[in-house]
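Observations on the three-dimensional arrangement
Listed below, chain by chain, are the residues.
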Amino acid sequence: MTSPQAKPLVEISDLHLSYTMQRATIQASRGASLTIAPGEAVGLVGESGSGKSTLARALLGLNDPKSTRIDSGSIFVDGTDVTRFGERDWRVLRGSSLSMVFQDPLSFLNPVMRIDRQIVEAIPKSMRAEGVSERVDDLLRLVKLPQAARRSYPHELSGGMRQRVLLAMALASKPKLLVADEPTTALDVTTQAEIMDLLGELRQRLGMAMLLISHDLGLVSKACERIYVMYAGRTVEWGPGSSILKTPAHPYTKGLFDSARALRLPNGLFATIGGDVPNLAHKIEGCPFRMRCPLAMPKCTTMSPATQVLGQDGHWVRCWAAQDSGIAPAQGNDVKNA
Ligand SMILES: Nc1ncnc2c1ncn2[C@@H]1O[C@H](COP(=O)(O)OP(=O)(O)OP(=O)(O)O)[C@@H](O)[C@H]1O
Ligand code: NI
């Protein structure tokens, strides 16, 4: 379904984005780059506060324009530069190419409207001529909800069923890309597995690309062909899931693996990586991970690591230590400045 030559569906290049608050400016994206090919499943992982949802909202045009500024970098969707899109342009794009599901379906569903009505409203006007009632049936079948759910209100459904409703609404526009931001975090383990299976099945059937955001490296590596690891607003390692799993190069990625089996603390940080994520209201010199990094060396304090390729399979890393340990080529055509 994916080929490396395919024109990317999504191309985010070196995005810098900040939120303006009353007392501070939070630079939540500090060099995030990510591509998604048509039909490809891409995972985005990182600790709480690393900027995953910020990036997803930037891609969907869902950041509040009053407090959000794109400082530099670009976002292309299906060949169109959407970096400076206004609300009306975004609405068109979200009604055609892009859809999303989030962690908490209840906050996106209208509590006093029956499910079928909400699904109808998610069907773009241009597609309503086809026979709306049949289309709702099709969508319910697609997400494996019983027809009886049509007449229910959101509070009458279980968490897993509500997530299926949200999915039906997301699919109503036949999107090319589904962005799923922690879609199963609020669900119990069994329901989580069912929703993940459903997502995989839908992707295959509909030929849709997916960006899956999660803290859970295990979940993402099962569902995705390629994985991006994010830290302090920047993408620090990415490549085929198999390659990231077998040969993680960034000490942060290794830390995520080491702690995958450990408990996550209530603040969302991983138990076995010591220290805190840096304060994104402050300027960061050098590598943002150096304060927590077991391999940090003097140049990590002064110089931001270059982005370098590891091997032939599209595995990249931003880390001086990966270079100096000989995992990556020292310098050359494949080294880009971060
Ligand atoms: N609307 C906003 N206004 C101001 N700051 C924000 C806003 N949204 C996020 N932030 C800040 O931006 C940083 C990145 O947050 P973001 O939600 O993108 O991280 P995340 O990786 O999705 O975390 P989580 O795993 O907890 O969902 C954090 O410091 C957060 O507090
Ligand atoms: Ni988030």
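Just so it is clear, the structure is predicted and the values come from calculations on it, not from any experiment. Each chain carries its own residue numbering, running from 1 in the direction its sequence is written. Here the convention is simple: chains get letters from A, ligands get numbers from 1, in the order in which they are written. Only residues with pLDDT of 70 or above have their local features reported here, since the model is predicted, and side-chain atom pairs are shown and tallied only from 80 upward, although totals for entire chains, interfaces and linings are computed over all residues. Excluded from the side-chain calculations are hydrogens and water; all other atoms, namely the structure's heavy atoms, are used.

**Focus: the site of ligand 1**
As a reminder of what qualifies: Any residue with a heavy atom lying within 4 Å of a molecule or strand is counted as near it. Distance and chemistry together define a polar contact, namely a pair of N or O atoms within 3.5 Å, with one atom able to donate a hydrogen and the other to accept it when in protein, and with adjacent residues in sequence counting only for side-chain atoms on both sides. Strands are runs of DSSP state E lasting at least 2 residues, helices are runs of H or I lasting at least 4, and numbering of each runs from the N terminus. Three classes are used: nonpolar for Ala, Val, Leu, Ile, Met, Phe, Trp, Tyr, Cys and Pro, charged for Asp, Glu, Lys and Arg, and polar for all others, with Gly counted as polar.
Residues in contact with ligand 1 amount to 16 residues; listed here are only the nearest, Ser48, Gly49, Lys52, Ser53 and Thr54. The backbone of Gly49 places a nitrogen or oxygen atom 2.8 Å from an oxygen atom of ligand 1. Between Gly51 and ligand 1, the recorded distance is 3.0 Å, taken from a backbone N or O atom to an oxygen atom. The element contributing the most residues to the shell around ligand 1 is helix H1 (residues 52-60), with four residues. Among the residues forming the shell around ligand 1, the class breakdown is five nonpolar, seven polar and four charged.

**Thoughts on H1**
Filter applied, for reference: For every residue, the accessible area (1.4 Å probe, protein chains only) is compared with the maximum for its type, and the residue is labelled buried under 20%, exposed over 50%, or partly exposed between those bounds.
Where burial is concerned, most of H1 is hidden: seven out of the nine residues are buried. When H1 is considered as a whole, its buried residues turn out to be Lys52, Thr54, Leu55, Ala56, Ala58, Leu59 and Leu60. Positive backbone phi, approximately 65°, marks Gly61, located one or two places after H1.

**Some points on the layout of surface pockets**
This is how the line gets drawn: A 1.4 Å probe that fits into a set of points on a 1 Å grid over the protein atoms alone but cannot get out defines a cavity; an open set with protein on both sides within 12 Å along at least five of seven lines defines a pocket, and lining residues are those with an atom within 4 Å of a point. Grid points are joined across faces, edges and corners, and a volume is the space filled by probe spheres set on the points. Segment limits for the domains were obtained from an automatic or database-derived domain assignment.
Here the largest pocket is characterised by a volume of approximately 510 Å³. Listed by contribution, the elements that provide at least two residues to the lining of the largest pocket are helix H2 (87-94), strand E6 (98-101), helix H3 (115-122) and helix H5 (159-171). A per-class count over the lining of the largest pocket returns 11 nonpolar, three polar and five charged. Per-domain counts for the lining of the largest pocket show at least three residues from each of domain 1 (10-97 + 175-281) and domain 2 (109-171).

**A word on the sheet that holds strand E5 (residues 80-81)**
Rule in force here: Pairing between strands is defined by DSSP: at least two bridges between them are needed. Any two residues whose heavy atoms approach within 4.5 Å are treated as being in contact. Geometry is summarised by axes, namely lines fitted to C-alpha atoms with helices restricted to the contacting stretch, and by angles between N-to-C directions that run from 0 to 180 degrees.
The strand order E2-E1-E4-E5 describes an open sheet built from four strands, whose pairing is antiparallel. Single-partner strands in this sheet number two, and they are strand E2 (25-36) and E5. Its contacts with the sheet place H1 against strand E1 (10-20), E2 and strand E4 (68-77), and it is angled at close to 110° to E1.

**Some remarks on empty space enclosed by the protein**
By the definition in use, this model includes one cavity of 30 Å³ or more. There is about 70 Å³ of room inside the largest cavity. Along its surface, the largest cavity is lined by His250, Cys287, Phe289, Arg290, Cys293, Ala296, Cys300, Pro305, Cys319, Trp320 and Ala321. In terms of residue class, the lining of the largest cavity is built from nine nonpolar, one polar and one charged.

**So, the domain arrangement of the chain**
For clarity, the cut-off: Here's the idea: put two parts together, see how much 1.4 Å probe accessible area each one loses, and the total over both is what we call buried area. Every case where a carboxyl oxygen of Asp or Glu lies within 4 Å of a side-chain nitrogen of Lys or Arg is listed as a salt bridge.
Here the domain parsing of the chain yields domain 1 (10-97 + 175-281) and domain 2 (109-171). Here the C-alpha centroids of domain 1 and domain 2 sit 26 Å apart. At the interface, 15 residues of domain 1 touch 11 residues of domain 2. In total, domain 1 and domain 2 occlude about 1100 Å² of area from one another, counting both sides; carbon and sulfur atoms represent 72% of this. Sorting the residues of domain 1 by area buried against domain 2 places Ile195, Leu198 and Leu202 first, and these three jointly supply 36% of that buried surface. Counting every contact that joins domain 1 to domain 2 gives two salt bridges. A salt bridge links Lys144 to Glu201, with the nearest nitrogen and oxygen atoms 2.8 Å apart. In terms of residue count, the dominant contributor to the side of domain 1 that touches domain 2 is helix H6 (residues 189-206) (nine residues).

**A word on the pattern of salt bridges**
Once the charged atoms of two side chains with opposite charge are near each other, the side chains can pair. One pass over the full model with this rule turns up 13 salt bridges. Residues participating in the shared-partner salt-bridge network are Asp116, Asp137, Arg150 and Arg151.

**Some remarks on the environment of Glu225**
In this fold, Glu225 is placed in the loop between helix H7 (217-223) and strand E9 (226-231). Separated by 163 residues in the primary sequence, Glu225 and Leu62 have C-alpha atoms spaced 26 Å apart. Among the polar contacts made by the side chain of Glu225, one reaches the main-chain amide nitrogen of Ala41 at a distance of 2.7 Å.

**Quick word on the packing of H5 against H6**
To be explicit about the condition: Here is the rule for angles: anything less than 35 degrees is roughly parallel, anything more than 145 is roughly antiparallel, 65 through 115 is roughly perpendicular, and the remaining ranges are oblique. Helix crossings are classified by the rotation of the near helix relative to the far one: an anticlockwise turn of less than a right angle makes the crossing left-handed, while a clockwise turn makes it right-handed.
The N-to-C vectors of H5 and H6 enclose an angle of 20°; their axes lie 10 Å apart at closest approach. Here H6 runs roughly parallel to H5, going by the angle between their axes. Judged by the twist between their axes, the crossing of H5 over H6 is right-handed. Seen from H5, the contacting residues are Gly160, Gln163, Arg164, Leu167 and Leu171; seen from H6, they are Thr191, Glu194, Ile195, Leu198, Leu199, Leu202 and Leu206.

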